[in-house]
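Survey of secondary and tertiary structure
Residues per chain are reported as follows:
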Amino acid sequence: MADSGASTPLPLGRKFSYGVGHVLNDLCASMWFTYLLIFYHKVIGMNNVLAGTLLLIGQVADAVATPLVGYESDRINGFCNYGKRKSWHLIGCICVAVSFSFIFSPVVGRDPMYYSLPSDSTTLQYLVYYAPFIVIFQFGWASTQISHLSLIPSLTTCQHDKVGLNSIRYAFTVISNLTVYLLTWYLLSMDSNDGAATQDVSPSDYQTFRNLAFIVIGTGVVFCIVFHVGTKEQSIELDNDLSTSIRTKMYVMCWLKTPQFYMVALLYMCTRLIVNLSQVYLSMYLTETLSLTKTYIAIVPLVIYISGFLVTFPLKLMSKKFGKKKTYVLGLLFVSGASVWFYWLKASVSVDHYLVMAAGALNGIGGSTILVLSLSLTADLIDQNTESAAFVYGAMSFTDKLSNGLAVQLIQVFHPCKTTSCCEACSPFYRNIMTFVPIGFAVVAFVTLLFIRKRVTEYTLVVSEGVDPEVTSIQANSSNYGSINSNSNENFDEEKKTLSPVRSRPSFIVGSMPDSSPYNS
């Protein structure tokens with residue numbers, strides 16, 4: 001059974017316009033995960049726990065907003081007939097653009113260079129000031145992310161095109177990160193005229209981060225406009241030969257009763273924990289463990305994302321040749337190798353900077369591989385059930401955001417330094433975080449991958465004389481699930497919510513996944 005979107009390749013212009021639709025989010029996320037802790041800790045002067053608390057507030061707000069936005073995005077047909085996905089995307093872009101600059105700026109009227117570091121009495125003031133902007137930013141970020149991801153199943157039903165769209169999307173994510181790190185490197189290097197380029201990050205760098213936030217917002221807004229002008233939202237309808245066939249819709253409760261839904265969610269969560277926690281603590285690892293100058297908090301991430309960008313080009317071919325699961329495992333091996341390498345790097349005057357960059361390159365290759373494929377596996381899980389795509393992506397992102405926030409807060413609570421200054425215990429602490437945390441989640445991801453089967457499910461719609469087409473039964477024809485046999489004399493009683501026997505009638509299997517499963521082993 002074919003569908004209209006499977007045989008027609010997407011035009012290059014639509015691929016490009018879709019790919020740039022997440023640039024504003026990517027630019028802001030790069031600053032958020034890479035520089036938030038070091039900005040609040042070393043520029044604003046917060047202690048480790050307070051900085052972690054603000055990051056946790058943001059992640060929790062994102063986690064709560066994500067499924068809500070996903071549910072509403074599936075339920076509401078857009079605003080003013082603009083499109084259900086693009087409407088939420090526009091709302092998200094506005095929220096992000098308005099709030100983000102306040103997050104990376106000092107409190108209004110307070111210059112960090114001329115004020116002492118905050119005491120316990122001012123902790124609540126900082127919390128009250130930054131928290132609202134963080135919540136608004138995270139709501140906007142979630143709205144943009146979910147609406148953008150939810151467009152993929154609506155743009156194409158071809159499995160390899162989905163991989164291609166995710167690769168293009170991630171390629172622009174990498175380009176966005178490269179832009180942020182190049183700008184950071186340039187802005188921090190400008191201090192070299194004053195002899196400050198060899199110093200650590202300090203309150204005097206607040207203008208660097210504030211100016212960087214302004215540049216990020218301006219650039220991202222331009223690409224948001226390109227996305228909204230060039231991307232045409234549409235629904236892909238199945239082209240069935242049987243006029244009486246109606247595709248069964250997957251609603252929220254259907255997904256919640258599907259074991260594969262939880263397996264893919266766990267895999268996506270582990271993938272994000274590996275990538276994000278490495279990104280969050282990389283800057284502190286470079287400055288505190290390896291004692292590198294502050295310009296390296298831009299140089300090493302730059303190397304990571306250059307390598308990540310390069311690997312996106314052969315990724316589609318690799319997943320097609322070797323299968324997504326084997327390619328994902330290869331990415332886990334690269335990540336684990338980089339983590340071991342980070343452990344053996346030692347701080348010294350003669351530390352080989354090229355070894356640091358080589359470890360970063362391995363991390364970038366592995367991180368890009370597992371992230372692209374985890375998104376692709378999520379798109380495959382949704383398949384043609386685009387009516388609930390936003391809910392699925394929202395649920396995946398919920399586990400991602402909440403777990404990342406809790407993980408960072410837990411790490412910050414066990415931080416050996418409870419003040420704003422670091423001690424000798426910080427060096428091994430950040431080394432252990434960069435080594436054992438990614439490897440631990442890589443093991444969990446590998447085990448989870450073993451339980452993701454080739455076939456997710458087939459949906460059977462029973463059509464018979466005298467039966468309301470809206471009252472359907474869903475048959476899970478996967479080897480992993482129990483099934484409601486369409487040929488057995490059973491029908492779903494809408495009033496009693498039970499299965500009741502009826503006379504034999506013809507049935508049609510519609511919306512089933514092809515034999516060539518996207519979950520190649």
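Residues numbered from 1 in each chain as written. Predicted model: local features only at pLDDT ≥ 70, side-chain atom pairs only at ≥ 80, totals over all residues. Heavy atoms only, no water.

**As for the packing of aromatic side chains**
- Tallied over the full model, the rule gives 23 aromatic pairs.
- Centre to centre, the rings of Phe39 and Phe104 are 5.3 Å apart; their planes meet at 45°, and the pair counts as tilted. Here Phe104 lies in the loop between α4 (84–103) and α5 (120–150) and Phe39 lies in helix α2 (residues 23–44), a separation of 65 residues in the sequence. Pair check on accessibility: Phe39 and Phe104 agree, each one buried. (Phe/Tyr/Trp six-rings, centres within 6.5 Å; stacked < 30°, edge-to-face > 60°. Helix = DSSP H or I, 4+ residues; strand = E, 2+ residues; numbered from the N terminus. Buried < 20%, exposed > 50% of the residue type's maximum accessible area, 1.4 Å probe, protein only.)

**A short note on the state of the cysteines**
- Considering all chains together, one arrives at 0 disulfides under this definition.
- The cysteine Cys95 is free of any disulfide, with Cys93 supplying the nearest cysteine sulfur at 9.5 Å. (Disulfide = S-S within 2.5 Å.)

**A closer look at a nonpolar patch on the surface**
- On the surface, a nonpolar cluster with roughly 440 Å² of combined accessible area is contributed by Val443, Phe446, Val447, Leu450 and Phe451.
- The residue Phe451 is located in the loop between α15 (426–450) and β1 (460–461) in this model. (Patch = residues over 30% accessible without salt bridge, like charges linked within 9 Å, V, L, I, M, F, W, Y side chains within 5 Å. Areas by Shrake-Rupley, 256 points an atom, 1.4 Å probe, with all protein chains shown as cover. Salt bridge = Lys/Arg side-chain N within 4 Å of Asp/Glu carboxyl O.)

**Some thoughts on unusual backbone geometry**
- Backbone geometry at Ser291 places phi at a positive 55°, although glycine is not the residue there.
- Inspection of the secondary structure puts Ser291 in the loop between α10 (259–289) and α11 (296–322).

**Let's talk about the packing of α11 against helix α13 (residues 353–382)**
- Interhelical geometry of α11 versus α13 gives an angle of 40° and a closest axis separation of 7 Å. Put simply, α11 runs oblique to α13. Seen from above, α11 lies across α13 with right-handed handedness. Contact residues: α11 offers Tyr296, Ile299, Val300, Val303, Ile304, Ser307, Gly308, Phe309, Val311, Leu315 and Ser319, while α13 offers His353, Val356, Met357, Gly360, Ala361, Asn363, Gly364, Ile365, Ser368, Thr369, Val372 and Leu373.
- Residue classes in the contact of α11 with α13 are distributed as 14 nonpolar, 9 polar and no charged. (Axes fitted to C-alpha atoms, helices over the stretch in contact; angles between N-to-C directions. Parallel < 35°, antiparallel > 145°, perpendicular 65-115°, else oblique. Left-handed = near helix turned anticlockwise from the far one by under 90°. Contact = heavy atoms within 4.5 Å. Nonpolar A, V, L, I, M, F, W, Y, C, P; charged D, E, K, R; others polar.)

**Examining the side chain of Thr327**
- Residue position: Thr327 is located in helix α12 (residues 324–344).
- Note on Thr327: relative accessible area 2%, which makes it buried.
- Discounting chain neighbours no more than four positions away, the residues touching Thr327 are Leu315, Met318, Ser319, Phe322, Thr369 and Leu373.

**Some words on the environment of Leu377**
- Among the structural elements, Leu377 can be located in helix α13.
- Between the C-alpha atoms of Leu377 and Leu267, which are 110 residues apart in sequence, the distance is 9.4 Å.

**Comments concerning the pattern of salt bridges**
- In total, this model carries 6 salt bridges according to the counting rule given.
- Across the salt bridge formed by Asp380 and Lys324, the nearest N and O atoms sit 2.3 Å from each other. Residue Asp380 is found in helix α13, and its partner Lys324 is found in helix α12; the two are separated by 56 residues along the sequence.
- Overall, Asp380 belongs to the buried group, its relative accessible area being 0%.
- Look at the salt bridges and you will find they share partners, linking Asp62, Arg272, Asp400 and Lys401 into a network.

**Some points on the environment of Leu188**
- In this fold, Leu188 is placed in helix α7 (residues 159–189).
- For Leu188, a relative accessible area of 1% puts it in the buried group.
- For the pair Leu188 and Asp205, spaced 17 residues apart in sequence, the C-alpha separation works out to 7.8 Å.
- Not counting residues up to four positions away in its chain, the partners in contact with Leu188 are Asp205, Thr208, Lys294, Thr295 and Ile297.

**Some points on the confidence of the model for the protein**
- When pLDDT is averaged along the protein, the result is 77, and 73% of the positions lie at 70 or above.
- Within the protein, the element-level pLDDT minimum falls on strand β4 (residues 508–509), averaging 28, and the maximum on α12, averaging 94.
- Contacts from residues 1–7, a stretch scored under 50 in pLDDT, to residues over four places away or in other chains number 19 contacts.
- Contacts for the low-pLDDT stretch residues 238–247, under 50 throughout, to residues beyond four places or in other chains number 23 contacts. (pLDDT = per-residue confidence, 0-100.)

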